[in-house]
Amino acid sequence: MASVACSLVLGRGFSCAKNPTRPPIACLRLSRAVSCKMRNRHLSSQQKRQQFKRAPTERLSLNMNAQSHDNIGCEAGETSSAGVSHSSQITIPSNDAESDSNSETDVAVSSFEETNMVIENNDEQEHPRIHLEDLIAMIRNAEKNILLLNQARVYAVEELDKILSEKEALQAEINNLEMKLAETDARIKVAAQEKINAELLENQLEKLKTEISSRNSIEEGRHGTLDNESPLVLELNDLRKENVLLKDDIQMLKLKLADVSKTEERLPSLEKRHSLLEASLMELQSQLSNAQDDVSRLASLRYECKALSDKVENLQALFNDASIVMDQPSLGLQQYHELQKKVDKIEALVTEATVSKFPSENFHHYDETLREKIELLEKQLWESDQEIHSQIQLFQESVREFHDALERLKEEIKKRSQELSLENLPQEFWSSLLLIIDGWLLEKKISVNDAKLLREMTWKKDAQIRDAYLASRSKSEHEKLATFLKLTYSRASPGMHIIHIAAEMAPVAKVGGLGDVISGLGKALQRKGHLVEIVLPKYDCMQYDLITDMKALDVVVESYFDGQLFRNKIWVGIIEGLPVYFIEPHHPAKFFWRGKYYGEYDDFKRFSFFSRAAVELLYQAGKKPDIIHCHDWQTAFVAPLYWDIYAAKGFNSARICFTCHNFEYQGTAPASELASCGLDVDQLNRPDRMQDHSAHDKVNTVKGAIVFSNIVTTVSPTYSQEVRTVEGGRGLHETLKSHSKKFIGILNGIDTDAWNPSTDNYISVQYSADDLQGKAENKDAIRKCLKLSRSEGSQPLVGCITRLVPQKGVHLIRHAIYCALELGGQFVLLGSSPVPHIQREFEDIANHFQSHSHVRLLLKYDDALSHLIYAASDMFIIPSMFEPCGLTQMIAMRYGSVPIVRKTGGLNDSVFDVDDNTIPEQYQNGFTFVAPDEQGLSSAMERAFQHYIRSPESWQQLVQKDMRLDFSWDSSASQYEELYERSVARARAAARV
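Residues numbered from 1 in each chain as written. Predicted model: local features only at pLDDT ≥ 70, side-chain atom pairs only at ≥ 80, totals over all residues. Heavy atoms only, no water.

## Focus on the overall build of the protein
Stated formally: Put simply, DSSP marks the helices as runs of H or I at least four residues long and the strands as runs of E at least two long, and each gets a number from the N terminus on. Note on exposure labels: buried denotes an accessible area under 20% of the residue type's maximum, exposed denotes more than 50%, and partly exposed covers the range between, all computed with a 1.4 Å probe on protein chains only. By the convention used here, residues are in contact when the closest approach between their heavy atoms is within 4.5 Å. Calculation of accessible area relied on Shrake-Rupley with a 1.4 Å probe; when residues are assessed, cover is drawn exclusively from the protein chains displayed.
When you go through the protein residue by residue, the secondary structure sums to 29 helices and 17 strands. Residues classed as buried in the protein amount to 43% of the 993 residues present. Considering only residue pairs separated by 6 or more positions, the protein has 73% of its internal contacts joining residues 24 or more positions apart. With an accessible surface of roughly 54300 Å², the protein has 53% of that area assigned to carbon and sulfur atoms.

Structure below.
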């Protein structure tokens, strides 16, 4: 019976584990009950084993008694020995280790006893001899079955836990749905209840009316009419008023519901209008920035106008003095006329006296007296005439001086206006003029020498070519050419001709820091008076709205590839004042019409085609540049193409400069693919040229550029030392060591016009190092925007803007989130990952902190939001494993966010620890750590938080010092300029020798 019961219980327990719909508690209770019964059986079985050891004959009799007892039990329970074998394959679920061991022992003993009973039953019929070894083997088989039972039990428990967890998750979702349903039901019930209440009140009112009318009839029969001030009438009136109010409320609710529905209908149109308003706002902001530039120019003009007005006032004063001087002789002349009249009158009187009154003697005496007076008057008149003439001469001289001064002033004003107009002409004007000249050259409308002379005039911003261009705008193409050709004459070149060939350029085609370098370095060199031109692929995914004056040239450039010539359409345009050429290949593979810049299966072919077409464009255009600057593996083909193919054709005026922005990407491919662009594989697939270190049948384009370039640079001095090591060089350390004389690291700069907190239109409040109040207001604005806690205004905010890739130290970024919380701060992350498992990991973290009041993760790229994070954050985390240069630490300091960085690459060249006494105080600008682990980062963050909290005045001074640091491209451009000039000078000296 015990074995049968065990079999039944075990079978049910197994079914419970497999079927999660049955209550597992009932199964456990049943298994415990069976376990208790089996323990009792175990005691008796122990006694039987002891007896078996003492006397075999006694054991045999006991077994026979047990057999008879069990046979009776089997008949009553209608079981057989088959139950034993069945029960040995099922697991009994148990909750503690003690019950497990007891159950195992009980099952073994039960199996032993049942086997013994079966054998004894057979002994009555056949009487075979039973050996002890056979019994032990049976027990071992039973133990194996017990192990299988335990494994099945563990599996069942695991399945049960999974089912319970899924049930809990489903229950949570059900609870959320029930809450939402309850809220919806509550709203519906409120509206329905109001309606029901109104209907009930109306019913009660009708009942009251009928009741009152019946009572009135009764009362009128008894006492006459009902008193209007009776309690019943008053209650009725109150009910009526309440009913009216309720009806009004219901009507108001209906109106509000109608307004809500109308509002929902208007939402799409409002959203559309909002987007239009945002676009208008952006346009107005750009116009405002242009207006601010105009205002700054007007300020200088006002100053000059004031100086000119002072000069005019001085001249006016001189003119007034001259007028006064001129008035004086006119007064004298008037007195002269008056005296002349008096003389005439006296002469008339004399004549009259002579005739009528006076005798001759007296008349003679009187006549002499009068003559004397007349002579005296004539003398006075002559003197006055002389004085008048002298005054008139002085006045005429003053007028001549005034006119001369006025003419000089006019000439000076005209000259100054010409100078101002030349200086104030935008760079786009001169770039457009250069593109017109080059277009004429490519279209064979002007000669190479004429194009060179016109380029030089444009280079020098000559007023003659400016006037010619402005005067010929409305003329025909032939008349324009004639006008420009009149200007050609020999001139000295004002600077170097530099051409960048690259795969990116900010802001139209930007993936990483390379695009910023092309535009930033190009503009800085252009400001230094050099002619800078850019050559790019014409991607279909570029931001064409940021390119001005873009047009296709009426010329086709053919370039070699895969054994044949392919046509290329050439476009020109201006990007941030720089002239740019765009190459559009007419190739069946549509190399640059893929919807993205990199990441295609045939990137090696795409960019080897572009590099060959770019050099072919320069060759066919007849350009004679001083420097051709190529960047990263995508245009590293330019160096071997130039020296192996085009130098032999006479195109050899330039020196080649190659910049590797990240040695992790080296552009390796099978050597056979190098032949597509026309390079000799046998000559270049050698260890001292382009052969990759990892395999003899592969080529490395970065290695080829290092070998064939005249100048090799990378983006920071520390990184240039790191890549000379085995770990940092990624296999190119030996090549760099052998070419170390031409290899140098120059720290990149940032575009200080685009990243300027005093003029940034993306931030809430503009501010500067002298007025930091705006930074606190931006901090409050981003907290409000991201729904972070605003209770403590002084709570430190840590920012991080990065690509989530292993290079950037994603495990340390994750640790920084929790460390900032432990230290009492807030954390904001902006960035995404191209690595799927890293993206999923940070999505889980973002979901965990979704409603947290101090942490927000924004897993996307948002340029406008990045400006606000820089402006709002107090500290900035950059825990990179390696960092060739890094721009975020420079931008952070520009916006007053103190960097916390790991000492590597460009971070080591731009951030110096505040607590490092070996660094001069004027250079201390952040917090650094060395070891790439959580302890190092935690230590640096703790020091930063302590400094922020304990020394607010010192922290403010640190912020102001960081904001005043110069990270512009001017210094870096000067270093590149020096490298260019030395290389060009060596080439010219070698040519003369």
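## Some words on the confidence of the model for the protein
We count it as follows: As a per-residue measure, pLDDT tells how confident the predictor is, with possible values from 0 to 100.
Scored by pLDDT, the protein comes out at a mean of 78, with 70% of its residues at no less than 70. When mean pLDDT is taken per element in the protein, strand 15 (residues 875–878) scores highest with 98 and helix 4 (residues 82–87) scores lowest with 36. Between residues 1–129, whose pLDDT stays under 50, and residues either more than four places distant or in other chains, the model counts 118 contacts. Note that residues 354–359 has pLDDT below 50 and, in this model, 4 contacts with residues that lie over four places away or in other chains.

## Points about the environment of V572
Looking at where V572 falls in the secondary structure, it is placed in strand 4 (residues 564–575). With 133 residues separating them along the chain, V572 and G439 place their C-alpha atoms 8.7 Å apart. Filtering out sequence-adjacent residues up to four positions away, V572 remains in contact with L435, D549, M550, K551, L553, V580, Y581 and F582.

## Some words on the sheet that holds strand 2 (residues 531–537)
Heads up, the condition is: A pair of strands is labelled paired if DSSP reports no fewer than 2 bridges between them. Convention adopted: a line fitted to C-alpha atoms gives each axis, helices being fitted over their contacting stretch, and angles between N-to-C directions are expressed from 0 to 180 degrees.
As summarised here, the arrangement of the 9 strands in space is 3-4-5-2-1-6-7-10-11, forming an open sheet in which the pairing is mixed. The open sheet has two edge strands with one neighbour each: strand 3 (548–561) and strand 11 (743–745). In this sheet, adjacent strand axes meet at a mean angle of 25° when their direction is disregarded. As paired strands, strand 1 (residues 497–501) and strand 2 are joined by 5 bridges and run parallel to one another. What sits directly across from H500, in strand 2, is I534. Across the sheet, helix 13 (residues 513–527) is in contact with strand 1, strand 2, strand 5 (578–585) and strand 6 (627–631); its angle to strand 5 comes to roughly 140°.

## A look at the nonpolar core
For soluble globular proteins, nonpolar side chains are generally found buried alongside one another. The condition is simple: Nonpolar cores were defined as sets of buried Ala, Val, Leu, Ile, Met, Phe, Trp, Tyr and Cys residues, with membership established by side-chain atoms within 4.5 Å.
Core analysis: the largest hydrophobic core is formed by 100 residues, its most contacted members being I501, V535, I628, F663, L674 and Y980. Ranked by residues supplied to this core, first place goes to helix 14 (residues 603–620) with 9 residues. Setting aside residues no more than four positions away along its own chain, L674 makes contact with F604, F637, L679, V681, L684, M690 and V699. Judged by nonpolar contacts, the second largest core, of 71 residues, contains I813, Y870, V911 and A940.

## Some details on helix 22 (residues 810–822)
Put simply, the rule is: Residue count minus one, scaled by 1.5 Å, sets the expected span of a helix.
Its 13 residues place the ends of helix 22 19 Å apart at the C-alpha level, agreeing with the 18 Å of an ideal helix rising 1.5 Å per residue. Residues of helix 22 that are buried include every one of V810, L812, I813, H815, A816, I817, C819 and A820, and no others.

## Remarks on helix 24 (residues 863–872)
Heads up, the rule is: Under the rule applied, a polar contact is a pair of N or O atoms within 3.5 Å (in protein, one hydrogen donor and one hydrogen acceptor; residues adjacent in sequence only if both atoms are side-chain atoms).
Across the 10 residues of helix 24, 8 count as buried, placing the element largely inside the fold. Listed in full, the buried residues belonging to helix 24 are L865, S866, H867, L868, I869, Y870, A871 and A872. On its buried face, helix 24 is in contact with helix 21 (773–786), strand 12 (797–801), strand 13 (826–830), strand 14 (855–858), strand 15 and helix 25 (888–894). Between the side-chain oxygen of the N-cap and the backbone nitrogen of A864 there are 3.2 Å, and the N-cap of helix 24 in question is D862.

## Concerning the pattern of salt bridges
The condition is simple: Salt bridges are identified by distance alone: a Lys or Arg side-chain nitrogen within 4 Å of an Asp or Glu carboxyl oxygen.
Per the counting criterion, the structure on display carries 23 salt bridges. D438 is paired through a salt bridge with K623; the nearest N and O atoms lie 2.9 Å apart. In this pair, D438 is assigned in helix 9 (residues 427–442) and K623 in the loop between helix 14 and strand 6, connecting sequence segments 185 residues apart. On the accessibility criterion, D438 (2% relative accessible area) is buried. Accessibility expressed as a relative area gives 3% for K623, which makes it buried. One salt bridge connects R466 with D467, and the closest N-O pair in it is separated by 2.5 Å. Beyond isolated ion pairs, a larger network of salt bridges with shared partners links D438, R455, E533 and K623.

## Remarks on unusual backbone geometry
Here the amide bond leading from A506 into P507 is cis, since omega sits at 5°, within 30 degrees of zero. Note that P507 resides in the loop between strand 1 and helix 13. Non-glycine residue D562 carries a positive phi angle of around 50°. Looking at the element boundaries, D562 is found in the loop between strand 3 and strand 4. Accessibility expressed as a relative area gives 40% for D562, which makes it partly exposed.

## Looking at the pairing of strand 12
Consecutive residues of a regular strand have side chains that alternate between opposite faces of the sheet. Heads up, the rule is: Viewed with both strands pointing away, a crossover whose connecting path from the first strand over the helix to the second turns clockwise is right-handed.
The element strand 12 is largely enclosed, with a buried count of 5 among its 5 residues. Pairing analysis gives 5 bridges linking strand 12 to strand 13, with the strands arranged parallel. Paired with L797 across the two strands is Q826, which belongs to strand 13. On the question of chirality, the crossover connecting strand 12 to the parallel strand 13 by way of helix 22 is right-handed. One ladder, built from 2 bridges, connects strand 12 with strand 15; its direction is parallel. Residue pairing across strands places G799 opposite F876, the latter belonging to strand 15.

## Quick word on the pairing of strand 4
As defined by bridge partners, strand 3 adjoins strand 4 across 9 bridges and the pair is classed as antiparallel. Pairing of T548 across the sheet is with I574, part of strand 4. Between strand 3 and strand 4, which pair antiparallel and follow one another directly, the connecting turn spans 2 residues, one of which, D562, has a positive phi of 50°. Looking at chain direction, strand 4 and strand 5 are connected through 8 bridges and run antiparallel. Opposite K569, over in strand 5, you have E584 as the bridge partner.

## Topic: the packing of helix 9 against helix 11 (residues 463–471)
The condition is simple: Working definition: roughly parallel below 35 degrees, roughly antiparallel above 145 degrees, roughly perpendicular at 65 to 115 degrees, and oblique for all remaining angles. Ten residues, namely Ala, Val, Leu, Ile, Met, Phe, Trp, Tyr, Cys and Pro, are considered nonpolar, four, namely Asp, Glu, Lys and Arg, are considered charged, and the remaining ones, Gly among them, are considered polar.
Interaxial distance between helix 9 and helix 11 falls to 12 Å at its minimum, and their mutual angle equals 75°. Looking at the two axes, helix 9 sits roughly perpendicular to helix 11. Of the residues in helix 11, those in contact with F429, W430, S432, L433, I436 and I437 of helix 9 are I465, R466, Y469 and L470. Grouping the amino acids of the contact of helix 9 with helix 11 by side-chain chemistry returns 8 nonpolar, 1 polar and 1 charged.

## Overview of a negative patch on the surface
Counted only if it meets this: Patch membership requires more than 30% relative accessible area and the absence of a salt bridge. Residues of like charge join within 9 Å; the nonpolar side chains Val, Leu, Ile, Met, Phe, Trp and Tyr join within 5 Å. His is not counted, nor are the chain ends, whereas Lys and Arg count as positive and Asp and Glu as negative. By convention, charge coordinates are those of NZ in Lys, CZ in Arg, CG in Asp, or CD in Glu.
A contiguous patch of negative charge, built from E397, E401, D404, E407 and E411, is present on the exposed surface. Note that E401 resides in helix 8 (residues 360–424). A relative accessible area of 54% means that E401 is categorised as exposed.

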